Amino acid sequence: MSTTILGHEPEAPERRMYWALADGWTVAGRTLTHLIRQPANIAWQLGFPIVSVLLFGYVFGSAMSVPGGGDYREYLMPGMFGMTMAMGFMNTAYAVVLDTTKGVTDRFRSMPMAPSAPVTGRGLADIVSAMLDLLVLAATALVIGWRSDGGFWATLAAFGLLLWLRFALIWIGIWIGLVTPNEEAAGNLFAVAFPFAMISSVFVAPSQMPDWLGAVAAWNPVSSTVTAARELFGNPVALGDSWIEQHAMLGAIVWPLVITLVFVPMAVRRFQRLSR
Amino acid sequence: MSTSSHAIHAVGLQKRYGEKRALDGFDLAVPQGTVYGLLGPNGAGKTTAVRILATLVRLDGGRAEVAGFDVVRDARRVRRRIGFTGQFTAVDEILTGRQNLRMFGRLFHLGPARAAARADELLEQFDLTEAADKGTKEYSGGMRRRLDLAASMILVPKVLFLDEPTTGLDPRGRNEVWTAVRSLVSGGTTVLLTTQYLDEADQLAGRVAVIDHGKVIADDTPAALKRRVGGDQLEVVLEESVDLPVALQAVARVAAGEPEIDEEHRRVTAAVEQRVAALTEVARRLQDEGIGVEDIGLRRPTLDEVFLRLTGHKPEETTDTTERTEVPA
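### Digging into the overall build of chain B
(1) Moving on: Each helix and strand in chain B was counted, giving eleven helices and 14 strands.
(2) Moving on: The principal-axis extents of the C-alpha atoms in chain B amount to approximately 80 × 45 × 35 Å.
(3) Moving on: Across the 329 residues that make up chain B, the buried fraction comes to 54%.
(4) Moving on: A sequence separation of at least 24 residues applies to 67% of the contacts in chain B between residues at least 6 apart.
(5) Moving on: Split by element, the accessible area of chain B, about 14400 Å² in all, is 46% carbon and sulfur.

The following block contains the structure:
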């Protein structure tokens, strides 16, 4: 077997950037191929928000009232979008745990690929699959009668803010994935994801909760994003009096930025610790 | 400096985790084109050594060159010249075998057409062509491990690291992997493999470094290591235990050391130097005395025993194979 293998030397610095992107794309392509090979997984992933829509929209929905008036299902849908984004960090964490414990991360690290590629590839793949999630959820929402009255750009901006939250949570997901010892422990993440997504304005307005819980819910980053999306979609908003609720748009932009700034260095440091 | 004749050259490697010294003055020189076994019990430092050499873990002291480049300063160059197969099969379970190899090919910076062609070559070489388009979840353990090996062979590495390549495989899977590893070596790749399976080192490696408490304590061919432990053993098993004293006398005359008696199994064992002469001598003597012999033979020490002699303690995971080279008497 005589194989001439090309490219034996490290690339020139100007090629580094090219390979960082190319390798990141290849790693992302792997996850996207998973979606194609296992379309049922998307169904499972979306099962929860879709069932929640039916449960809260129709079973409890008739008993729900939106403070300040408005249709509950109109109020609920942006919440469902936000909840799906919020719980997405579990997917990131789980994928990272799996790669680390199964040795795939080590294989990547032993290869001459761009060192950033496992991380950028993960992030890229998660954003693409989050877009897919939103697409399917929005279609479901349209079927049950939800509409955006905000016009094209406002609607687009709302989805942009939702993805911005998901982007920030990728870093939390990677960090959690790197500190989680094994798959079983990753399964327990639900215990964190659930309150994180639910103690927010996803289902009910914080003003309807006990004061202390309402305050926690109002300051939850998920609430800012969901409230901002409601405003942009032109859906019922049910604003409370607290400062953060009055400045939902600002919160929806700043919260994910803060999360990213805090968790990128933490995730990177954790990743470097793999070589300790 | 580049020690050109050595594919791997490590001098005084140090690595500590908290209080524990995982490596404590680890030296190793592996000539090009050889298969080298790192043998030792759990926690002896084998995996740490391999991970340092494969640029996965930073060292605390000493230095190491792999394929002529320093593993710290020139990690990227080293990575272009090595293949690494860790303790777990690091292939994607959802992708097919072919998709896996193409992806890794792209990550080794082969163009799409080149990566595809290389994937086909490797599938052929590792006898996976038929299963190429199945998801690797459906593969047997041995097949997955072969795919794993194939993935580390994409650039035809100068040095291949295998960390416990057959742990967890059934005998058939082990044989498949052994065959695959042998074929790699015939292609000129230097292989450093760690193993707790002592017969695996014996099967694959031309030389074995025995490692204990982070240090190489012996470094030789498997045969020489066995010889070092006292060479061949003469073993006599009697029909009746009352004959043990007579047999002991007969064996003692030819033995190089003190014979050992195992009453329960009616067995006398002793190290011998002139193996065949000793065997015939003892056999004739026992026959003359009219003693019923159930079994008589020569056996070489297993690597298990080698380890016990060298370290003073048994490896934690021993294999159940007691290797015997029977010489028809």
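### Some points on the overall build of chain A
(1) Moving on: A count of helices and strands for chain A gives twelve helices and zero strands.
(2) Moving on: Reading the secondary structure of chain A in the N-to-C direction produces α-α-α-α-α-α-α-α-α-α-α-α.
(3) Moving on: Its C-alpha atoms give chain A a radius of gyration of 21 Å, near enough to 19 Å, the size a compact globule of 276 residues would have.
(4) Moving on: The principal-axis extent of the C-alpha atoms belonging to chain A is close to 75 × 40 × 35 Å.
(5) Moving on: In chain A, which comprises 276 residues, the proportion classed as buried is 52%.
(6) Moving on: Taking contacts inside chain A between residues at least 6 apart in sequence as the whole, the part at least 24 apart equals 83%.

### A look at unusual backbone geometry
All names here are of chain B.
(1) Moving on: We note that His213 has phi near 50°; this positive angle belongs to a residue other than glycine.
(2) Moving on: Counting through the fold element by element, His213 comes out in the loop between strand E9 (207-212) and strand E10 (215-220).
(3) Moving on: Positive phi outside glycine occurs at Arg266, with the angle close to 50°.

### Thoughts on the interface of chain A and chain B
(1) Moving on: Across the boundary between the two partners, chain A contributes 35 residues, which contact 46 residues of chain B.
(2) Moving on: Summed over both sides, the interface between chain A and chain B buries roughly 3800 Å², with carbon and sulfur atoms accounting for 55% of that surface.
(3) Moving on: Where chain A packs against chain B, one counts four salt bridges.
(4) Moving on: A salt bridge links Lys102 of chain A to Glu93 of chain B, with the nearest nitrogen and oxygen atoms 3.5 Å apart.
(5) Moving on: Applying the counting rule to chain A against chain B returns twelve residue pairs in polar contact (both at pLDDT 80 or more).
(6) Moving on: Breaking the side of chain A that touches chain B down by element, the ones donating at least two residues are helix H1 (13-37) and helix H4 (104-109) of chain A.
(7) Moving on: Here the side of chain A that touches chain B gets nine residues from one element, more than from any other, and that element is H1 of chain A.
(8) Moving on: The residue makeup of the side of chain A that touches chain B, split by class, is twelve nonpolar, twelve polar and eleven charged.

### Considering empty space enclosed by the protein
All names here are of chain A.
(1) Moving on: Throughout the structure, instances matching the rule amount to five cavities of 30 Å³ or more.
(2) Moving on: One number sums up the size of the largest cavity: a volume of about 160 Å³.
(3) Moving on: Every residue lining the largest cavity is counted, 14 residues in all, and those nearest its centre are Val96, Asp99, Thr105, Pro118 and Arg122.
(4) Moving on: Looking at the lining of the largest cavity, the elements that each hand over two or more residues are H1, helix H3 (72-101), H4, helix H5 (117-143) and helix H6 (151-179).
(5) Moving on: The element contributing the most residues to the lining of the largest cavity is H3, with four residues.
(6) Moving on: Here the residues of the lining of the largest cavity are counted per class, giving nine nonpolar, two polar and three charged.
(7) Moving on: Taken as a whole, the second largest cavity holds about 70 Å³ of empty space.
(8) Moving on: Ser201, Pro206, Ser223, Thr227 and Glu245 are the residues nearest the centre of the second largest cavity, which is lined by 13 residues in total.
(9) Moving on: Of all the secondary-structure elements, those providing two or more residues to the lining of the second largest cavity are helix H10 (221-233) and helix H11 (243-246).

### What to know about the confidence of the model for chain B
Residues and elements named next belong to chain B.
(1) Moving on: Chain-level statistics for chain B give a pLDDT mean of 86 and a share of 93% at 70 or above.
(2) Moving on: In this model, residues 317-329 is a region of pLDDT below 50 whose contacts with residues beyond four sequence positions or in other chains number 30 contacts.
(3) Moving on: The complex prediction reports pTM at 0.82, with the ipTM value standing at 0.86.

### Side note on the layout of surface pockets
(1) Moving on: Looking at the largest pocket, its volume works out to about 1200 Å³.
(2) Moving on: Taken together, the elements giving at least two residues each to the lining of the largest pocket come down to H1, helix H2 (39-59), H3, H5 and helix H7 (183-187) of chain A.
(3) Moving on: Sorting elements by how many residues they give to the lining of the largest pocket places H3 of chain A first, with ten residues.
(4) Moving on: Looking at the lining of the largest pocket residue by residue, the class counts come to 15 nonpolar, eleven polar and ten charged.
(5) Moving on: Quantified by volume, the second largest pocket comes out at close to 620 Å³.
(6) Moving on: Surrounding the second largest pocket, 29 residues form its lining, Arg109, Pro115, Phe271 and Ser275 of chain A together with Arg79 of chain B being those nearest its centre.
(7) Moving on: Listed by contribution, the elements that provide at least two residues to the lining of the second largest pocket are H4, H5, H6 and helix H12 (248-273) of chain A together with helix H2 (75-79) of chain B.
(8) Moving on: Of all the elements, H12 of chain A adds the most residues to the lining of the second largest pocket, at five residues.
(9) Moving on: Residues belonging to the lining of the second largest pocket are distributed by class as follows: 20 nonpolar, five polar and four charged.

Rules of the game
- Residues numbered from 1 in each chain as written.
- Chains lettered and ligands numbered in written order.
- Predicted model: local features only at pLDDT ≥ 70, side-chain atom pairs only at ≥ 80, totals over all residues.
- Heavy atoms only, no water.
- Helix = DSSP H or I, 4+ residues; strand = E, 2+ residues; numbered from the N terminus.
- Buried < 20%, exposed > 50% of the residue type's maximum accessible area, 1.4 Å probe, protein only.
- Contact = heavy atoms within 4.5 Å.
- Areas by Shrake-Rupley, 256 points an atom, 1.4 Å probe, with all protein chains shown as cover.
- Rg over C-alpha atoms; globule rule 2.2 N^0.38 Å.
- Buried area = accessible area lost by both parts, 1.4 Å probe.
- Salt bridge = Lys/Arg side-chain N within 4 Å of Asp/Glu carboxyl O.
- Polar contact = N/O pair within 3.5 Å; in protein donor to acceptor, adjacent residues only side chain to side chain.
- Nonpolar A, V, L, I, M, F, W, Y, C, P; charged D, E, K, R; others polar.
- 1 Å grid on protein atoms, 1.4 Å probe; cavity = no way out; pocket = protein on both sides within 12 Å on 5 of 7 lines; lining within 4 Å.
- Points joined across faces, edges and corners; volume = space filled by probe spheres on them.
- pLDDT = per-residue confidence, 0-100.

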